[in-house]
Amino acid sequence: MKKPSSKIRDEIAKLQEQLKAAETREAERIGRIALKAGLGEIEVDEAELQAAFEDLAKRFRGGKAATTGGNKGGNAGESSAPSAQNAAGAAASGTAEA
């Protein structure tokens, strides 16, 4: 039996709400950890902080993180990982961005 499009739209809307809530929880968690580590007190460019978070994510995923600081490729802001973006925003401002 096929579902009517209105029911599918309702399910999509519910899933989008669940996704937003999950991203908010994740961003708040990462933000709290970042603040405890002292990142809230450091003056750092958001792109540089995001690149550092991406390196950290690679490390925990089993990839090789860059061993030197700085922006090698100039594409630190072109990440497709929303969690890294939320984490960077949460760490920089102390609030979740979802």
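Residues numbered from 1 in each chain as written. Predicted model: local features only at pLDDT ≥ 70, side-chain atom pairs only at ≥ 80, totals over all residues. Heavy atoms only, no water.

Quick word on the overall build of the protein
Looking only at helices and strands, the protein features 3 helices and 0 strands. Seen in sequence order, the protein has helices and strands lined up from the N terminus as α-α-α. A buried classification covers 19% of the 98 residues belonging to the protein. For the protein, the accessible area works out to roughly 7,500 Å², and carbon and sulfur atoms hold 51% of it. (Helix = DSSP H or I, 4+ residues; strand = E, 2+ residues; numbered from the N terminus. Buried < 20%, exposed > 50% of the residue type's maximum accessible area, 1.4 Å probe, protein only. Areas by Shrake-Rupley, 256 points an atom, 1.4 Å probe, with all protein chains shown as cover.)

Digging into helix 1 (residues 5-36)
Taking 1.5 Å per residue, 32 residues should reach 46 Å; helix 1 reaches 46 Å between its end C-alpha atoms and fits that length. Among all positions of helix 1, only Glu 23, Ala 27, Gly 31 and Ala 34 are buried. Residue Gly 38 follows helix 1 closely and has a positive phi angle near 95°. (Expected span 1.5 Å × (residues − 1).)

Notes on the pattern of salt bridges
Enumeration according to the criterion identifies 1 salt bridge in this entry. Salt-bridge contacts for Lys 3 lead to Glu 11; the nearest nitrogen and oxygen are separated by 3.0 Å. Given the relative accessible area of 30%, Glu 11 is considered partly exposed. (Salt bridge = Lys/Arg side-chain N within 4 Å of Asp/Glu carboxyl O.)

Focus on helix 2 (residues 46-61)
With 16 residues, helix 2 should cover 22 Å at 1.5 Å per step; its first-to-last C-alpha distance of 22 Å lies within 8% of that length. Those residues of helix 2 lying buried are Leu 49, Gln 50, Ala 51, Phe 53 and Glu 54. Positive phi shows up at Gly 62, right after helix 2, with a value of about 100°.

A word on the confidence of the model for the protein
On average, residues of the protein score 76 in pLDDT, and 64% of them are at 70 or above. Here helix 3 (residues 82-93) stands out as the element of the protein with the lowest mean pLDDT, 44, in contrast to helix 1, whose mean of 97 is the highest. Contacts for the low-pLDDT stretch residues 70-98, under 50 throughout, to residues beyond four places or in other chains number 44 contacts. (pLDDT = per-residue confidence, 0-100. Contact = heavy atoms within 4.5 Å.)

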